[in-house]
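In case you want the letters, here they are:
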Amino acid sequence: MADLHALFERAAHEAADFRASLHERPVQAPAGQSVVRSRLAVPLPEGPRDAGEVVEQLIDAAQPGLMSTPGPRYFGFVIGGALPAASAADILAVGWDQCAFNGHLAPAAAAAEDVAGAWLKDLLGLPASAGVGFVTGAQAANTVGLAAARHHLLRQAGWDVERRGLAGAPQIRVLAGAERHATIDRSLRLLGLGSDALAEVAVDAQGAIDTDDLRRVLSTEPTDEAHPSVLCLQAGNVNTGAVDDLRTACTIAREHGTWVHVDGAFGLWAAASAARRHLVDGVELADSWGCDGHKWLNVPYDSGFAFCSRPDVQTAAMSYTASYLTGSGTAPGAADYTAESSRRARGFAVWAALQELGRQGVADLVDRCSDHARRCADALTTAGLEVVNDVVLNQVLVGFGGEGSEADRRTDAVISLIQQDGTCWMGGTTWRGRRLMRIAVSNHLTTAADIDLSVEAVLRAVRSLDD
Ligand SMILES: *Cc1c(COP(=O)(O)O)cnc(C)c1O
């Protein structure tokens, strides 16, 4: 059997080598899934193998299929990039192998989540008394927030949903903007509320909710305790970065007793920056919030936060107990705030990221990424390309030559050339019926020089298409 020290050092060394290579290697992985699959698809051995050999084989097989997503010029999705101390803390979390179910089973893990959770609420401008659950990401956080809404609204209507289920329960109406994130719809499906419960609210040109239309939709049906409703707002549209007018929308919702959930996967981080805090003005008026750690906070995957203004409601919706689970059923533990039972100790990496950055570092990260997005948009506009969105945060939408199917094909062709070129990676999207290129800047490593190199790569792709 391989020496454990040597084995762990080998793994950590390999991971650090990969990170160190991110500035130079092509952003797009040289090999695709099928290539790596054929390297990994060795026979399942009949008996044990040497751990060191197994790890060597894994490294060798996986290498060509590694994307430079943690690198400075990956602008697809909203990816982030793991900070050094946060990455090391996650390596420790794996090595220590704590099960963050509760403070009896994992005192250190629970303590880290407790402390980091309080810092998160402070930085995000949320009430200090809110409940926090450490989840896999914003999808899970939205599900927890909406489960809390379901519990609270139905209890007010005299219905115990945890006991009786939804059959025969008052129908909960769900209001959400037409440009909500698709994870909201999946949460509704998982919670048995169903996508038919959705009453869509119109949005403006940037995808932010139209509060006049919100008033209109709310008043089309009675909304009181017997006719419960929940409003899903968004801080940070994945295409434009637009943030809903949270203060106005929350104020309207409150008049109707409507629960407000804010999906703030990345946009909630605007609250940490003095220069951009105004974008999420009124965020504290909502009832529940979902946010990611692995996107803009630059914590390694997977890391998200489910906040609820009423911890008692959050735990009433989520907790469970069993006689063998020491400590459960007394004071709520970590597992009572999420839909997960046994899990990795996610708090170590969050604690480390926040210590590594400090309050100013988090603000600088948000501001720097947003400034880079602006720099990128300005350079592309100067070069004659069309920036379609108002660049308020870290998202830029770019058009290549007007509208229609010909322009759409051209856009997809440019994106594909950029990805093959390897300097940077940008993805495509369909926004308001048009194919566009999306740029999301959310990595602490990205510099102005990375933006300039990437702009050059975009212009190179456009030229090579025209030749
Ligand atoms: C990314 C994102 C989600 C989903 O988050 P995961 O971390 O992938 O679960 C939800 N809402 C918005 C606005 C997002 O950007």
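Computed from a predicted model, the values in this text were never measured in an experiment.

## Let's talk about the packing of aromatic side chains
Right, on to step 1. The tally for this structure, following the rule as stated, stands at 8 aromatic pairs.
Right, on to step 2. On the basis of an interplanar angle of 20° and a centroid distance of 6.4 Å, the ring pair of Phe 77 and Trp 425 is categorised as stacked. A residue pair is termed long-range when its members are at least 10 positions apart, and Phe 77 in the loop between helix H3 (51–62) and helix H4 (84–96) and Trp 425 in the loop between helix H13 (405–421) and strand S10 (427–431) qualify at 348 residues.
Right, on to step 3. On the accessibility criterion, Phe 77 (55% relative accessible area) is exposed.
Right, on to step 4. Aromatic side chains Phe 305 and Phe 307 sit 6.2 Å apart centroid to centroid with 50° between the ring planes, which places their arrangement in the tilted category. You'll find Phe 305 and Phe 307 in the same group, each marked buried.
Right, on to step 5. By the ring-pair criterion, three or more aromatic residues cluster together here, those being Tyr 74, Phe 77 and Trp 425.
Right, on to step 6. Between Arg 164 and the ring centre of Trp 159, over which it is positioned, the NZ or CZ distance is 3.8 Å.
Right, on to step 7. Its guanidinium or amino end placed over the ring of Trp 431, Arg 432 lies 5.2 Å from that ring's centre, counting from NZ or CZ.

## Describing the environment of Ala 274
Right, on to step 1. Note on placement: Ala 274 falls in the loop between strand S5 (259–263) and strand S6 (288–292).
Right, on to step 2. Distance from Ala 274 to Asp 408, taken between C-alpha atoms, is 38 Å for residues 134 residues apart in sequence.

## Quick look at helix H10 (residues 246–255)
Right, on to step 1. If you check which residues of H10 are buried, you get Leu 246, Ala 249, Cys 250, Ile 252 and Ala 253. In an axial view of H10, the angular spread of the buried residues amounts to 160°, which keeps them on one side of the axis. Among the exposed residues of H10, those pointing more than 90 degrees away from its buried face are Arg 254 and Glu 255.
Right, on to step 2. At the C-terminal side of H10, Gly 257 shows a positive phi close to 70°.

What counts and how
Residues numbered from 1 in each chain as written. Predicted model: local features only at pLDDT ≥ 70, side-chain atom pairs only at ≥ 80, totals over all residues. Heavy atoms only, no water. Phe/Tyr/Trp six-rings, centres within 6.5 Å; stacked < 30°, edge-to-face > 60°. Helix = DSSP H or I, 4+ residues; strand = E, 2+ residues; numbered from the N terminus. Buried < 20%, exposed > 50% of the residue type's maximum accessible area, 1.4 Å probe, protein only. Lys NZ or Arg CZ within 6 Å of the ring centre and 35° of its normal. Arc of directions from axis to C-beta.

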